[in-house]
Number of protein chains: 2
Amino acid sequence: MSTLDATLCTTLRLPATIGEMTQAWHAFEQFASRHLRRQGLTPAQFAVLSALAAVTALSCKTLSEQTGITKGSLTGIVDRLEQNGLAQRVVSREDRRSHLVNLTDEGRATFERVAEKHFAHLQQAFEGVDREELTDIEAGFRRFRQLINHASR
Amino acid sequence: MSTLDATLCTTLRLPATIGEMTQAWHAFEQFASRHLRRQGLTPAQFAVLSALAAVTALSCKTLSEQTGITKGSLTGIVDRLEQNGLAQRVVSREDRRSHLVNLTDEGRATFERVAEKHFAHLQQAFEGVDREELTDIEAGFRRFRQLINHASR
DNA sequence: TATTGTTATACTCTATAACTATA
DNA sequence: TATAGTTATAGAGTATAACAATA
């Protein structure tokens, strides 16, 4: 799906930057999410597992902030991870309003297995590319984000 | 939501390019889609209207290819556009399997009204930016897409 | 009173596969 | 047999609001 596709940019003579960004994202999104789904995880589930893999546990609030998933959606996603035995909720001792989510052993193992394959899959695209060139591309994405963030205020 | 968020890239030491890409997209997606929804259109609906605005009519197949929306999803989206009086389906004379979708007068007027505002909204982000800098950023995005597309085969 | 998270509502979109009609 | 589009299903996302428990 697209927020803005190439047609739009042509029609409206929008900055070509937006068209290129959109197309780049679509290409990546397809490349990444199809692979993930074949491993049995949705992109959202993988994003949550990724955030949890780096730490012991996270509150739903933090998880929501880090993944960009709204708290309402997060409830359902964590529900399904729990149902599948990959994550669990524990009420925080410090603040008993807060529910800490952490990975089960199975969740951690699943993440590591999937992530390794996924990493290799993504790496394919960048093999043999000049490091300096990647740095330039990164800088472009960073600058684009800054422009958008600045306009968002 | 994110397919891959910054946390993942840190965890896996994925090419930083992907992390920057993801964050840039999220920033843009929020900036663009919130504005669209406030105008009463979903991003998918706007994408379809955009594709149709440039031409007389498109078959569902072509529409699907141009927007990147799968044909299954497209059925529902066109249904809702029809319900809202923005688009209509006509069975093709040449190939009666094919349904041509076109904008109603109201659909065209709605698109033009929304698109103009949306264009202005997006333009805000790029005002005063050096044209040459934008060209460089675009080239980077294009290169990124080529790398992904090449790996997709 | 403010915040955390859940629940509920209603709609939209995605992917996928099975199906119908037509070619 | 292949293609165009629809239908069905399950999962996920949005926005919003109301709510309980806790701070």
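See the structure printed just above.
We now turn to the structure provided with this report. (Residues numbered from 1 in each chain as written. Chains lettered and ligands numbered in written order. Predicted model: local features only at pLDDT ≥ 70, side-chain atom pairs only at ≥ 80, totals over all residues. Heavy atoms only, no water.)

Notes on the relation of the copies chain B and chain A
Least-squares fitting of chain B to chain A yields an RMSD of 0.2 Å, with the transformation described by 0.1 Å of translation along the axis and a rotation of 179°. A rotation of that kind, with that shift, is consistent with a two-fold axis. Same-surface contact between copies: 100% of interface residues of chain B are shared with the interface of chain A. (Least-squares fit on C-alpha atoms with pLDDT ≥ 70 in both. Contact = heavy atoms within 4.5 Å.)

As for the interface of chain B and chain A
The partner chain A presents 63 residues to the 63 residues of chain B that form the contact. When the two sides are added together, the surface that chain B and chain A hide from each other amounts to roughly 6,000 Å², 72% of it contributed by carbon and sulfur. Across the contact surface, chain B and chain A share six salt bridges. Between Arg143(B) and Glu133(A) there is a salt bridge whose closest N-O contact spans 2.4 Å. Broken down by secondary-structure element, the contributors of at least two residues to the side of chain B that touches chain A are helix H1 (6–12), helix H2 (16–38), helix H3 (43–53), helix H4 (60–67), helix H6 (105–123) and helix H7 (131–152) of chain B. Tallied by class, residues from the side of chain B that touches chain A come to 37 nonpolar, 17 polar and nine charged. (Buried area = accessible area lost by both parts, 1.4 Å probe. Salt bridge = Lys/Arg side-chain N within 4 Å of Asp/Glu carboxyl O. Helix = DSSP H or I, 4+ residues; strand = E, 2+ residues; numbered from the N terminus. Nonpolar A, V, L, I, M, F, W, Y, C, P; charged D, E, K, R; others polar.)

Regarding the protein's contact with DNA strand D
The environment of DNA strand D is formed by 23 residues, the closest being Ala44(A), Ser73(A), Ile77(A), Arg80(A) and Lys61(B). Put simply, 71% of the atoms of DNA strand D that lie within 4 Å of the protein are in sugar or phosphate. Within the contact set of DNA strand D, a phosphate oxygen lies 2.5 Å away from a side-chain nitrogen or oxygen of Gln45(A). Between DNA strand D and Thr70(A) there is a distance of 2.9 Å, counted from a phosphate oxygen to a side-chain nitrogen or oxygen. Going through the elements one at a time, helix H3 (43–53) and helix H5 (71–83) of chain A together with H4 and helix H5 (71–83) of chain B are the ones with two or more residues in the surface near DNA strand D. Considering only residue class, the surface near DNA strand D consists of four nonpolar, nine polar and ten charged. (Near = heavy atom within 4 Å. Polar contact = N/O pair within 3.5 Å; in protein donor to acceptor, adjacent residues only side chain to side chain.)

Bear in mind that shape data such as this cannot, by itself, settle questions of function.
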